[in-house]
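Letter by letter, the chains look like this.
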There are 2 protein chains.
Amino acid sequence: MVLKVYADRISQPSRAILIFCKINGINFDEIRVDILKNQQFSPEYKAINPMHQVPAITDGRFKLFESHAILIYLSCAFPGVASHWYPGDLSKRAKIHSVLDWHHSNLRSGAAGFVFNAILAPLNGLPSSPQAGKEAEKILMKSLSKLETFWLKDGRFLVGSSQPSIADISLVCEIMQLQLLSEKECNRILSPYKKVLQWIEDTKKTTAPHFDEVHGVLFKAQKRIREQMTTKSGTNELKAKL
Amino acid sequence: MVLKVYADRISQPSRAILIFCKINGINFDEIRVDILKNQQFSPEYKAINPMHQVPAITDGRFKLFESHAILIYLSCAFPGVASHWYPGDLSKRAKIHSVLDWHHSNLRSGAAGFVFNAILAPLNGLPSSPQAGKEAEKILMKSLSKLETFWLKDGRFLVGSSQPSIADISLVCEIMQLQLLSEKECNRILSPYKKVLQWIEDTKKTTAPHFDEVHGVLFKAQKRIREQMTTKSGTNELKAKL
């Protein structure tokens, strides 16, 4: 039975899994779980992931969720995956685990919390908290600074690598979520971090054309949101179109 | 050069690393980084972990932080570690990664956020937020429910195992932080979860006597806090004694 990837391309860890499978020639079926329609709460999906989140995979009877666990599993289970994605060397692998673990409470927490409170919650009629948004922005800025000065200090990719690993795909997909903000806001946040900007471009290049193809849904959402922002026609129309 | 573990036993992931080393007979030097004295911000420690958190390790010239990455590294780097702590089997290992990843934004986020706002911030004169405390409590209760109904549904230990893994040590050490609350509050939170309570006991037993020995600092802090709570003598004295 072919690998099944349960995903919504508007979700950053879903995109990471899809890009990884495509760049490595892994044969899979993509099964859309529309999170804006709450399909992650359906009984069918609960049997796949009782935490009601995307992405998840099934490989035969084996089920797995949490995107980092999935990336590691795919790297080991499919022999065609090049070793730079998840090196066998103990020290290199440990550093990749370290940055992936750091990601959860830092870049992920900051970027997702900020984008949710600044854009996604107002657009979808959900309660947002300016205070939580501010806290998330602080975590985001601190995380970008640590990427610039520590995680990217020794190489073109994370933890001193000359080729991308699963960590680069995961973290760059997270940062791409900032594209949902206005161009000005996105520039304000990212422009101080030159190494981060170069690393995003390098990760895009090494995963082309799949990176842009999988991000198509995000780019479309960005276009709609930014058009609405310039015409100032309010969030109700935005919600309907998103 | 012997392995060095930089830790403060009042920190739950520090305890997880120390217990793991002791139960597996790994020879190491424990180097105290007193987080209540802000020693994690010293220039010396910044060279070990620029994120200013405990635990971290050095193994010769190799440096590593993030407790899950450390547990995985130690399991692989020290041949004496029994395979049940981090099984070589691809599917079992993937499930352990899954629960460790889930832990970050769920049990860790809920328990640490709740204990910080309810006890640690007031005791240490730091600003606390009742709203953030309530949000963290919700995440904590939901996480305990998922442990009871999903992660512990198929076995004595997490993800259907009959023997403990690195995930059991990490998550049980996290829950132990709730012991800093009053006995009544701790019971209110944990007593509905019978499997969770049994699993905590089972993890303690399989890591005895190291579990209780490493938790000595926490038990002492608990005793002081609870004595102060009963005499209602305020938080200033508590702070001085903690």
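Residues numbered from 1 in each chain as written. Chains lettered and ligands numbered in written order. Predicted model: local features only at pLDDT ≥ 70, side-chain atom pairs only at ≥ 80, totals over all residues. Heavy atoms only, no water.

**So, the overall build of chain A**
So, step 1. Looking only at helices and strands, chain A has 11 helices and four strands in total.
So, step 2. In summary, chain A has a C-alpha radius of gyration of 18 Å against a globular reference of 18 Å for 242 residues, a match within 12%.
So, step 3. By its C-alpha atoms, chain A is 50 × 45 × 30 Å across when sized along the principal axes.
So, step 4. Counting only residues that meet the buried cut, chain A has 52% of its 242 residues in that class.
So, step 5. For chain A, the proportion of contacts with a sequence separation of at least 24, taken over those separated by at least 6, is 68%.
So, step 6. When the accessible surface of chain A is totalled, it reaches about 10800 Å², and 53% of it is carbon and sulfur.
So, step 7. Where the 32 positive side-chain charges of chain A centre and where its 23 negative ones centre are 2 Å apart. (Helix = DSSP H or I, 4+ residues; strand = E, 2+ residues; numbered from the N terminus. Rg over C-alpha atoms; globule rule 2.2 N^0.38 Å. Buried < 20%, exposed > 50% of the residue type's maximum accessible area, 1.4 Å probe, protein only. Contact = heavy atoms within 4.5 Å. Areas by Shrake-Rupley, 256 points an atom, 1.4 Å probe, with all protein chains shown as cover. Lys, Arg positive; Asp, Glu negative; His and termini not counted. Charge placed at Lys NZ, Arg CZ, Asp CG, Glu CD.)

**Details of the packing of aromatic side chains**
So, step 1. Summed over all chains, the structure comprises 14 aromatic pairs over all chains.
So, step 2. Ring geometry for F20 of chain B versus W85 of chain B: centroids 5.7 Å apart, planes at 85 degrees, classification edge-to-face. With F20 of chain B in helix α1 (residues 12–23) and W85 of chain B in the loop between α3 (67–77) and α4 (90–123), the pair connects residues that are 65 residues apart, well separated along the chain. Each member of the pair F20 of chain B and W85 of chain B is classed as buried.
So, step 3. Three or more aromatic residues link up through ring pairs in this structure, and these residues are F65 of chain A together with W102, F150 and W151 of chain B. (Phe/Tyr/Trp six-rings, centres within 6.5 Å; stacked < 30°, edge-to-face > 60°.)

**Comments concerning the interface of chain B and chain A**
So, step 1. Between chain B and chain A, the residue contacts involve 28 residues of the former and 28 residues of the latter.
So, step 2. Of the roughly 2500 Å² buried between chain B and chain A, counting both surfaces, carbon and sulfur atoms make up 68%.
So, step 3. Counting the contacts that link chain B with chain A gives zero salt bridges.
So, step 4. Applying the counting rule to chain B against chain A returns 10 residue pairs in polar contact (both at pLDDT 80 or more).
So, step 5. Elements supplying a minimum of two residues to the side of chain B that touches chain A: β4 (62–65), α3, α4 and α5 (130–151) of chain B.
So, step 6. Counting residues per element, the side of chain B that touches chain A draws most heavily on α4 of chain B, at 11 residues.
So, step 7. A per-class count over the side of chain B that touches chain A returns 16 nonpolar, six polar and six charged. (Buried area = accessible area lost by both parts, 1.4 Å probe. Salt bridge = Lys/Arg side-chain N within 4 Å of Asp/Glu carboxyl O. Polar contact = N/O pair within 3.5 Å; in protein donor to acceptor, adjacent residues only side chain to side chain. Nonpolar A, V, L, I, M, F, W, Y, C, P; charged D, E, K, R; others polar.)

**Some details on the pairing of strand β2 (residues 28–32) of chain B**
Residue and element names in this part refer to chain B.
So, step 1. Examined bridge by bridge, strand β1 (residues 3–7) and β2 share five bridges and lie parallel to one another. Looking at β2, one finds that V5 is bridged to E30.
So, step 2. Crossover handedness for the path β1 to α1 to β2: right-handed. (Pairing = 2+ DSSP bridges. Right-handed = clockwise from strand over helix to strand, strands pointing away.)

**Observations regarding the sheet that holds strand β1 (residues 3–7) of chain A**
All names here are of chain A.
So, step 1. Reading across the sheet, the four strands line up as β2-β1-β3-β4 and stay open at both edges, with mixed pairing between neighbours. In this open sheet, the two strands that pair with only one neighbour each are β2 (28–32) and β4 (62–65). Direction aside, the axes of adjacent strands within the sheet are offset by 20 degrees on average.
So, step 2. As judged from the four bridges shared by strand β3 (residues 56–59) and β4, these two strands associate in the antiparallel manner. Along β4, the bridge assignment pairs I57 with L64.
So, step 3. Packed on one face of the sheet, helix α3 (residues 67–77) meets β1, β3 and β4 and runs near 130 degrees to β4. (Axes fitted to C-alpha atoms, helices over the stretch in contact; angles between N-to-C directions.)

**So, the domain arrangement of chain A**
Residues and elements named next belong to chain A.
So, step 1. Partitioning chain A into domains gives domain 1 (3–81) and domain 2 (90–241).
So, step 2. In this assembly, 17 residues from domain 1 lie in contact with 25 residues from domain 2.
So, step 3. Taking both sides of the interface into account, the surface hidden between domain 1 and domain 2 amounts to around 1900 Å²; carbon and sulfur atoms contribute 69%.
So, step 4. Inspection of the region where domain 1 meets domain 2 yields two salt bridges.
So, step 5. A salt bridge links E213 to R9; its shortest N-O distance comes to 2.9 Å.
So, step 6. Elements represented by at least two residues in the side of domain 1 that touches domain 2 include exactly α1 (12–23) and α3.
So, step 7. The element that contributes the greatest number of residues to the side of domain 1 that touches domain 2 is α1, accounting for nine residues.
So, step 8. Across the side of domain 1 that touches domain 2, the residue classes break down as 10 nonpolar, three polar and four charged. (Domains from an automatic or database assignment.)

**Considerations on the relation of the copies chain B and chain A**
So, step 1. Rotating chain B by 180 degrees about the axis while translating it 0.0 Å along that axis superimposes it on chain A, leaving an RMSD of 0.0 Å. The relationship between the two copies is best expressed as a two-fold rotation axis. Residue H104 of chain B, judged by its C-alpha, is the member of chain B lying nearest the rotation axis, at 3.2 Å.
So, step 2. When you check the interface residues of chain B against chain A, 100% turn up at the interface there too, and the contact is symmetric in its surfaces. (Least-squares fit on C-alpha atoms with pLDDT ≥ 70 in both.)

**Some points on the packing of α3 of chain A against α4 of chain B**
So, step 1. Where α3 of chain A contacts α4 of chain B, the axes come no closer than 8 Å and their chain directions differ by 160 degrees. Relative to α4 of chain B, α3 of chain A is oriented roughly antiparallel. Classified by chirality, the crossing of α4 of chain B by α3 of chain A is right-handed. For the pair α3 of chain A and α4 of chain B, contact is made by H68, A69, I72, Y73, C76 and A77 of chain A and by L90, A94, H97, S98 and D101 of chain B, respectively.
So, step 2. Split into classes, the residues belonging to the contact of α3 of chain A with α4 of chain B amount to seven nonpolar, three polar and one charged. (Parallel < 35°, antiparallel > 145°, perpendicular 65-115°, else oblique. Left-handed = near helix turned anticlockwise from the far one by under 90°.)

**What about the pattern of salt bridges?**
So, step 1. A full pass over the atoms with the stated rule returns 28 salt bridges over all chains.
So, step 2. The residue D34 of chain A makes a salt bridge to K37 of chain A at a minimum N-O spacing of 4.0 Å.
So, step 3. In this structure, the salt-bridge partner of E174 of chain B is R108 of chain B, at a minimum N-O distance of 2.4 Å. Highlighted residues: E174 of chain B in helix α6 (residues 166–176) and R108 of chain B in helix α4, separated in sequence by 66 residues.
So, step 4. Taking the relative accessible area as the measure of exposure, E174 of chain B reaches 0% and is therefore buried.
So, step 5. Ionic contacts of the salt-bridge type, sharing partners, join the residues D8, R32, D34 and K37 of chain A into one network.

**A look at the side chain of S98 of chain B**
So, step 1. By the element assignment, S98 of chain B lies in helix α4.
So, step 2. Given a relative accessible area of 2%, S98 of chain B falls into the buried group.
So, step 3. Setting aside residues up to four positions removed in sequence, S98 of chain B forms contacts with L64, F65, E66 and A69 of chain A together with W151 of chain B.

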